[in-house]
Every structure is written in C-alpha cells, then in structure tokens.
There are 2 protein chains.
Amino acid sequence: MTDSVRNIVIQKLADGDYSCPKEFTLAMFSGKWKINIIYHLGHEGTYYFHEIQTLLPNASHKELAKKLKELISDGLINKNVENDGPHIKVAYSLTDLGKSLLPIINEMYDWGKNRLQEIHMENVKFGLGEIKK
Amino acid sequence: MTDSVRNIVIQKLADGDYSCPKEFTLAMFSGKWKINIIYHLGHEGTYYFHEIQTLLPNASHKELAKKLKELISDGLINKNVENDGPHIKVAYSLTDLGKSLLPIINEMYDWGKNRLQEIHMENVKFGLGEIKK
DNA sequence: CCGTATCCACACCGATACTG
DNA sequence: CAGTATCGGTGTGGATACGG
C-alpha cells in the first residue's frame, strides 16, 4: 500500500486538526512493509538493517530505509548505530510507543488468519463443485 | 492513503499465496475513506449513499462509489436498492464479517485518540517554552 | 554497511460529465 | 439518486548508482 494517508494526517496536524484518531493510527502502519517491520521487531526484538533486508527479501533497499526513517520520526522505533569494525551496523528496535501498537497488529494478524482460512475453504469447496453459490 | 496493498493482496490470493494475514486485514480498510465508512456503518447502522456523502463531505462522489463497491466485494458491507418514487435510494450496512472488524477499528480509534492528546500536549508545552527538548 | 538521489512506471484519486 | 468513464495531477515504490 501506499502512504498517502500519512501525508494527509501530517498535513492535518500541521493545520491543528486533531480529528479522526483512527486515520491517525492507520497512518502509523500503512505504507509498504511498515506493518511487517513493526511485527518482526515486536516479536523478535532488535534487528540490524541487513537482517531486516533478509527478513523482507522483496523490499527494496531504498524503500526499507525510507520507511524506517518514517517510523523513527513517528516515534515507533529506535535507531542505534554501532561502529563495529570497518563497516557500520545499524540496529533498530521498537520504542514503548511502538510496542503499544502490537495488540492491534496481533488482532489484525488473527482476523486475517481466520478470514484467509475461510476463503481458502470456500475456494476448495468451490473448486470441487461442492458449492454452487 | 492509497490502496496498493489491496491489489497486492488480491494478486497473492490469485497465486494461492495465503501468507501475511496482517497485510490481508490491512487491505480491508486501507484505501481512502474506507475506515470511516466502516466506522459510521458500525456505530450508527444503515446509511443511504447520499447520507454517506454528507457524512464525508470531502470524499468525491466517484471514490465513494468505488470504495463501497470494493467493500462489497470484500464481503464487509451489504447493498440494498430501494425503488422509492422517481429516484433510487441505495442503502448500505455492515455484514457480520464487517462487524467483526469493529473491535480492531475501535482499538485504532482509542490508540489514535490517546496519541493525539499526547502530541497536542507536547506541542502546547513546547509552544509555551516549558519544554526545551 | 547504510543512506540518499535520480529516473521512471504505475496506481490513486479529484473534477467533470454522461448514463440509467 | 446512483454508477461509470475519461483526463490529468500527484505520490509511491522499484532499479540503479553514488556518497559517507
């Protein structure tokens, strides 16, 4: 998904418009890969940038960096630069604010899992001709 | 926000890829105005198309119709056409599946409300110079 | 190793207008 | 009243490359 909600919300805040709390929350994790980043950091702890890359192999280097930057500016994750030898390693982890989002994301996970199972079963039945509908 | 998650998820389903339940759920209500539509229908019941238009005055006629159509095809809302006199009235309401999404949206509302209050207070304090940071 | 810039394709969404 | 088509501006995100 894209991210236009986030820009709209940012604009609203700049205008002193504090309406629509649910859109604000949605803006936190809509935007490609964000919900996955939060989920992984929430369930498995700290990751280095290159580790996140391997966790999300389809995410481009550029977008990952961009989304991590946005998550930082939204206060959801921390960044920690380690000067480890010749190269730099950057560690990311959830802030307390980021952690407070986990219950919602977990609920989304559960809802989606149930719904996907339903759809899958419907498709199988449909494919076998057991349901005409 | 935009809607590309939804297309990605639809594509995944077509490919038999049932991974990433949280992205699937996210795809249900990301897309401009969708979360507001679900919220209103969930809290206040059935609305006619033109009523939804007045509830969301900034939403264009076209996008509203499009998003409602998507919500129907996702199984979240029902459509009911009434032949009421010279003109047609179309009533929309949540399905049981749509209702099952309300706890998540309500949690998003609460999280956003709290967070917006925090931000607002920080800004006020910052504006008054009470916090340097 | 990590961040950012450029270029480009494409999807979204608004305004508008036309149909039933 | 409700749905759809067209056109055009704009934002998103991928590939690639360069800088720190």
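Conventions and cut-offs
Numbering of residues starts from 1 in every chain and runs along the sequence as written. In the order they appear in the text, chains get letters beginning with A and ligands get numbers beginning with 1. Given that the model is predicted, a residue must reach a pLDDT of at least 70 before its local features are reported, and side-chain atom pairs must reach 80 or more before they are shown or counted; all residues, however, enter totals for whole chains, interfaces and linings. Side-chain numbers come from the whole structure's heavy atoms, not from hydrogens or water. The fit set for superposing copies consists of C-alpha atoms from residues with pLDDT of at least 70 in both; the fit itself is least squares. The contact definition used throughout considers only heavy atoms, calling two residues in contact when any of these lie within 4.5 Å. Each of two parts loses accessible area, computed with a 1.4 Å probe, when they are put together; buried area is these two losses added. Just to be clear on terms, a salt bridge is a Lys or Arg side-chain nitrogen sitting within 4 Å of an Asp or Glu carboxyl oxygen. Here a polar contact is taken to be a pair of N or O atoms separated by no more than 3.5 Å, where protein atoms must pair a possible hydrogen donor with a possible acceptor and residues adjacent in sequence count only if both atoms sit in side chains. Secondary structure follows DSSP: runs of H or I at least 4 residues long count as helices, runs of E at least 2 residues long count as strands, and numbering of each begins at the N terminus. Residue classes follow a fixed rule: Ala, Val, Leu, Ile, Met, Phe, Trp, Tyr, Cys and Pro count as nonpolar, while Asp, Glu, Lys and Arg count as charged, and any other residue, Gly among them, counts as polar. Of the grid points, spaced at 1 Å and generated over the protein atoms alone, those admitting a 1.4 Å probe that cannot get out make up cavities, while open sets with protein on both sides within 12 Å along at least five of seven lines make up pockets; any residue with an atom within 4 Å of a point is treated as lining. Grid points are joined across faces, edges and corners, and a volume is the space filled by probe spheres set on the points. Exposure classes here rest on a 1.4 Å probe applied to the protein chains alone. A residue is buried below 20% of its type maximum, exposed above 50%, and partly exposed in between. Here, any two strands with at least 2 DSSP bridges between them count as paired. Joining through side-chain atoms within 4.5 Å is the link that ties buried Ala, Val, Leu, Ile, Met, Phe, Trp, Tyr and Cys residues into a set, and such a set is a nonpolar core.

Colleague: An account of the relation of the copies chain B and chain A is needed here, citing residue identities and associated values.
Modeller: Two copies of the chain are present, and they differ by a rotation about an axis and a shift along that axis. For the pair chain B and chain A, the best superposition has an RMSD of 0.0 Å and corresponds to a rotation of 180° with a translation of 0.0 Å parallel to the axis. When the rotation and shift are considered jointly, the pair of chain copies conforms to a two-fold rotation axis. Taken as a fraction of all interface residues of chain B, those also at the interface in chain A reach 100%, which identifies the copy contact as same-surface.

Colleague: Describe the interface of chain B and chain A, with residues and values.
Modeller: Of the residues lining the interface, 42 residues belong to chain B; the matching set on chain A comes to 42 residues. Summed over both sides, the interface of chain B with chain A buries roughly 3800 Å², with 74% coming from carbon and sulfur. The tally of links between chain B and chain A comes to 0 salt bridges. For the interface between chain B and chain A, the tally reads 10 residue pairs in polar contact (both at pLDDT 80 or more). Elements represented by at least two residues in the side of chain B that touches chain A include exactly helix 1 (4-14), helix 2 (21-29), helix 3 (34-44) and helix 7 (102-128) of chain B. In terms of residue count, the dominant contributor to the side of chain B that touches chain A is helix 7 of chain B (14 residues). Classifying every residue of the side of chain B that touches chain A gives 24 nonpolar, 10 polar and 8 charged.

Colleague: I'd like a rundown of the layout of surface pockets, residues and numbers included.
Modeller: The probe, sized like a water molecule, is rolled over the atoms to show the empty space still left. Considering only enclosed or pocket space, the largest pocket measures out at about 350 Å³ in volume. Contributing to the lining of the largest pocket are 15 residues, with A:Ile119, B:Leu13, B:Phe24, B:Ser73 and B:Asp74 lying nearest its centre. Mapped onto the lining of the largest pocket, the elements with two or more residues apiece are helix 7 (102-128) of chain A together with helix 1 and helix 2 of chain B. A breakdown of the residues in the lining of the largest pocket according to their chemical character gives 8 nonpolar, 3 polar and 4 charged.

Colleague: How would you explain the pattern of salt bridges if you had to name every residue and give the values?
Modeller: All names here are of chain A. Considering all chains together, one arrives at 14 salt bridges over all chains under this definition. Note that lysine 67 and glutamate 63 form a salt bridge whose closest N and O atoms lie 3.9 Å from each other. Taken together, the residues lysine 67 and glutamate 63, both in helix 5 (residues 61-73) and 4 residues apart, mark about one turn of the helix.

Colleague: Tell me about the environment of B:Lys89, residues and numbers included.
Modeller: Residues and elements named next belong to chain B. Examined against the element boundaries, lysine 89 turns out to sit in strand 3 (residues 87-94). With 41 residues separating them along the chain, lysine 89 and tyrosine 48 place their C-alpha atoms 6.6 Å apart. Not counting the four nearest positions on each side in its chain, lysine 89 is found in contact with Tyr48, His50, Asn80, Val81, Glu82 and Asp84.

Colleague: Run through helix 2 of chain B, naming residues and quoting values.
Modeller: Residue and element names in this part refer to chain B. Within helix 2, 9 of the 9 residues are buried, which leaves it mostly tucked inside the rest of the structure. Residues of helix 2 that are buried include every one of Pro21, Lys22, Glu23, Phe24, Thr25, Leu26, Ala27, Met28 and Phe29, and no others. In the segment just after helix 2, glycine 31 is the residue with positive phi, at about 115°.

Colleague: Kindly report on the sheet that holds strand 1 (residues 47-48) of chain B, identifying the contributing residues and their values.
Modeller: Residue and element names in this part refer to chain B. Taken in spatial order, the 3 strands of this open sheet run 1-3-2, and their pairing is antiparallel. Across the chains shown, the open sheet's two edge strands, defined by having one partner strand only, are strand 1 and strand 2 (77-84). Strand direction decides the pairing type here: strand 1 and strand 3, joined by 2 bridges, are antiparallel. Considered in strand 3, the bridge of tyrosine 48 is made with alanine 91.

Colleague: Summarise the nonpolar core; cite the residues concerned and give the values.
Modeller: Formed by 70 residues in total, the largest nonpolar core has its most connected members in A:Phe29, A:Ile38, A:Leu76, B:Phe29, B:Ile38 and B:Leu76. When residues no more than four places from it in sequence are discounted, the contact partners of A:Ile38 are A:Phe29, A:Leu71, A:Leu76, A:Leu94, A:Leu101, A:Leu102 and A:Ile105.

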